[in-house]
Structures are given as structure tokens and as C-alpha cells.
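Here's the letter readout for the chains.
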Amino acid sequence: MRIAVASGKGGTGKTTVSTNLAVHVARQGRRVVLADCDVEEPNAHISLCDGFDAQRRVDVTVPEIDEDACLGESCGACVELCRFKALILMVGEVMVFPELCHACGLCEEACPADAIKPGIREVGAVRHGRIKSNILDSSAGLLHVVDGLMRVGEAMSPPLIRAVKQEAEAIARTEDGGDAPVVFVDCPPGASCPAITGLQGADLVLLVAEPTAFGFHDFKLALETVRVLGIPHAVVVNRAGMGDYRVEEYLAQESIPYLASLPMSMDAAQAGSRGELLIDAVAQLAERYAELWSALEQTAQEAIACAR
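Along each chain, residue indices are assigned from 1 in the same order as the chain's sequence is written. Per-residue local features are limited, in this predicted model, to residues with pLDDT of at least 70; the limit for side-chain atom pairs, both in listing and counting, is 80 or more; totals at the level of whole chains, interfaces and linings are taken over all residues. Water and hydrogen atoms play no part in the side-chain values, which are based on all heavy atoms of the structure.

Take the sheet that holds strand β8 (residues 182–186) next. The sheet built from nine strands is open, its strands ordered β3-β6-β7-β2-β8-β1-β9-β10-β11 with mixed pairing. Both outer strands of the open sheet, β3 (49–65) and β11 (258–263), are each paired with one neighbouring strand and no more. The mean inter-strand angle of the sheet, taken between neighbouring strand axes irrespective of direction, is 20°. The pairing criterion is simple: DSSP has to find at least two bridges between the two strands. We count a stretch as a helix when DSSP gives it H or I for four or more residues in a row; a strand needs E for two or more, and each element gets its number in order from the N terminus. Inspection of the sheet shows β3 paired to strand β6 (residues 116–131) by 14 bridges, in the antiparallel sense. Paired with Glu 64 across the strands is Lys 117, a residue of β6. Only heavy atoms matter for contacts: two residues are in contact if any of them lie within 4.5 Å across the pair. The angle between two axes is taken between their N-to-C directions and runs from 0 to 180 degrees, where each axis is a line fitted to C-alpha atoms and a helix contributes only its stretch in contact. Seen against the sheet, helix α1 (residues 14–27) touches β1 (2–6), β2 (32–36), β7 (143–150), β8, β9 (204–209) and β11 and runs at an angle of roughly 165° to β8.

Here we come to unusual backbone geometry. Of note, the phi angle at Lys 85 is positive, near 60°, even though the residue is not glycine. Within the secondary structure layout, Lys 85 lies in the loop between α3 (77–81) and β4 (87–90). A residue is classified by how much of its surface remains accessible, and Lys 85, at 58% relative accessible area, is exposed. Even without a glycine there, the phi angle at Ser 255 is positive, about 55°. Relative to the elements of secondary structure, Ser 255 occurs in the loop between α8 (246–254) and β11. Relative accessibility thresholds used throughout: buried, under 20% of the residue-type maximum; exposed, over 50%; partly exposed, between the two (1.4 Å probe, protein chains only).

Here we come to a nonpolar patch on the surface. What goes into a patch is any residue over 30% in relative accessible area without a salt bridge, connected to like charges within 9 Å or, for nonpolar side chains (Val, Leu, Ile, Met, Phe, Trp, Tyr), within 5 Å. Surface accessibility in these figures is a Shrake-Rupley result with a 1.4 Å probe; residues are shielded only by whichever protein chains are displayed. Salt bridges, as used here, are contacts in which a Lys or Arg side-chain nitrogen is within 4 Å of a carboxyl oxygen on Asp or Glu. Among the surface-exposed residues, Met 90, Val 91, Met 95, Phe 97 and Leu 100 lie close enough to one another that they form a single nonpolar patch of about 470 Å² accessible area. In this fold, Phe 97 is placed in the loop between β5 (93–96) and α4 (106–110). Residue Phe 97 is classed as partly exposed on the basis of its relative accessible area of 33%.

This part covers a negative patch on the surface. Charged residues are defined narrowly, with Lys and Arg counted positive, Asp and Glu counted negative, and His plus the chain ends left uncounted. Every charge is mapped to an atom, namely NZ of Lys, CZ of Arg, CG of Asp or CD of Glu. On the surface, a cluster of negative charge is contributed by Asp 66, Glu 67, Asp 68 and Glu 93. Mapped onto the fold, Asp 68 is located in the loop between β3 and α3.

For the structure shown, the criterion picks out 18 salt bridges. Between Arg 27 and Asp 280 there is a salt bridge, and its shortest N-O distance comes to 2.7 Å. Of this pair, Arg 27 sits in helix α1 while Asp 280 sits in helix α10 (residues 278–281), and the two are 253 residues apart along the sequence. Among the residues examined, Arg 27 registers a relative accessible area of 30% and is labelled partly exposed. Residue Asp 280 is classed as partly exposed on the basis of its relative accessible area, which comes to 48%. Glu 276 is the partner of Arg 274 in a salt bridge, and the nearest nitrogen-oxygen pair spans 2.8 Å. Three or more residues joined by partner-sharing salt bridges are found here, namely Lys 9, Glu 210 and Arg 239.

Structure below.
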């Protein structure tokens with residue numbers, strides 16, 4: 001079961017929802033993998049991990065030009081075909097802008113002089129979190145946390161996001177026995193390429209909405225993105241009570257599954273500022289997360305059944 005947790009804007013509490021859900025499910029005896037794909041600022045580890053057990057570098061291929069073999073201005077096929085503008089002709093030579101390259105390989109295939117070879121560019125690292133000892137006891141299931149950390153100055157996050165998701169899937173496949181693992185994907189916020197990369201392959205998307213005018217506007221952008229992608233979806237309203245009811249009214253109007261509301265409180269804000277799990281710090285929220293998971297699991301199972 002793959003559940004993507006997404007939002008239209010940053011700051012809605014998407015990671016808070018992801019981490020608390022992941023721990024709640026693991027405490028029910030399930031095997032859980034949490035993939036933090038917000039690789040520009042991963043923070044799921046703050047409340048769940050006390051360090052990292054492993055880290056591996058992630059590279060992408062970029063074109064390297066053999067200037068002696070390149071035909072320059074007499075050809076220009078690679079420059080003409082590159083829709084990402086990662087190649088230009090300047091003073092008779094082909095120049096590469098590796099930060100713009102999407103590693104599609106078209107330029108290498110199209111070069112009639114075999115002057116383009118694959119080079120390597122580092123984009124970041126995938127890390128395996130070491131779960132804090134107080135998170136789970138011996139009777140709980142297993143919890144794995146995987147995230148990605150972009151290289152400083154890197155502008156292209158989708159390749160690293162895909163690497164994080166692949167790592168999470170690999171962990172899920174190696175778990176033996178019991179029910180199939182639940183994979184939570186904490187997506188980047190918004191509706192651009194990073195968010196779409198996180199959403200792809202999900203059985204269900206849980207959209208985290210914020211009950212404010214700004215939050216409602218961006219929620220609708222994320223909702224439209226999920227609709228275009230054709231992924232089943234449901235909604236949870238986080239910090240309910242801090243704004244108005246326009247989100248709830250819209251969900252009823254559009255007949256969108258509304259699974260739960262998580263109330264705003266000073267206790268929750270203080271616990272979050274200390275990096276604590278809300279299901280441990282606020283009794284009311286522990287109950288709400290249990291209700292949310294019950295509704296979310298049923299909704300996801302129905303979506304999976306309909307897809308078969």
C-alpha cells in the first residue's frame with residue numbers, strides 16, 4: 001500500500017501528518033516505510049531519528065562533449081533537439097549547462113559524430129534514518145525512514161526524489177512475513193515537477209489542507225494536479241479551527257472524501273516545536289490519528305481494489 005501525503009503549499013503540516021501516521025501504524029504491528037521526498041529540506045528525521053545508519057551518493061548522467069570529434073556549427077543536432085536548453089552553440093562549440101540537463105540521453109543518441117559521452121553529476125544523497133529508541137517497543141512493527149538531501153546549489157530535485165522512492169520500495173520488498181508494508185511518501189509541497197514526481201505511483205493521495213484563504217487557494221491547485229494525474233485522493237484538514245470552514249464546504253460541494261480534522265491547539269504547537277510526536281504529546285490528537293488511519297486504510301484498500 002503506497003500512500004502519498006501532499007499539500008498545495010509548505011507549512012500545512014504535511015510532514016507532521018506523515019510522521020505521526022507512520023508511527024501510529026507501526027505501533028499497530030505493521031511494517032512501515034516512510035520516504036521523506038521533500039529533499040530540499042527533509043525534516044521527518046527530526047522527530048523520528050537520532051542519526052543516520054547509512055548514506056549513499058546519488059548521481060545523474062550529463063553529456064560530455066568531445067571537442068575534437070564534435071562537428072560544431074555544421075551540425076548542431078544536439079542543441080536543436082534539447083528541449084531543456086541544456087546545450088548551446090557558442091563561438092562554434094557546444095557548451096553544456098549540466099544543471100539544466102534532465103539526463104534523457106537524446107543528445108547522445110542524435111549525435112552523428114559520436115562526440116557525446118555520458119558524464120556524472122552529483123545531485124545529493126539518500127539516507128537511512130536510525131529510529132529513536134523511544135519510538136517503538138518490542139511488540140510494535142518495523143519502521144524505516146529514508147530521505148534525500150540535495151547537494152548545496154542543486155536545482156534539479158526529481159532525480160533524487162526518484163532515488164528516495166526506489167530505496168523505499170527496495171526496503172519494502174525485502175521485508176518478509178506478515179501484511180505487506182505500508183509505504184508513506186512525504187511529497188514536496190506544491191504542484192510542480194518535484195511534487196508530481198513524489199505523487200507518481202501512489203495508490204492513494206492524502207491531501208493535507210489548511211483552513212485559511214491562502215491554504216484553500218493552494219489546496220485547489222494540488223487537488224487539480226492529483227485529478228489530472230488520475231490518482232485516487234482524500235483530504236485531512238490540519239490545524240482545524242485556526243481559520244474558517246471554506247475547505248470543508250468545498251469538500252462537501254465536490255463530494256471529495258474528507259477523512260478527518262486535526263484541531264489546532266497550543267499543546268500541539270508546543271510539542272511540535274520540541275520535535276515531539278503529537279500522538280504522544282496530545283491525547284485528543286492520538287485519538288484523531290487513530291480515526292484518520294482507520295478511514296485512510298479503508299479508502300486506500302477500496303482504491304486498490306478498484307484499480308485491479
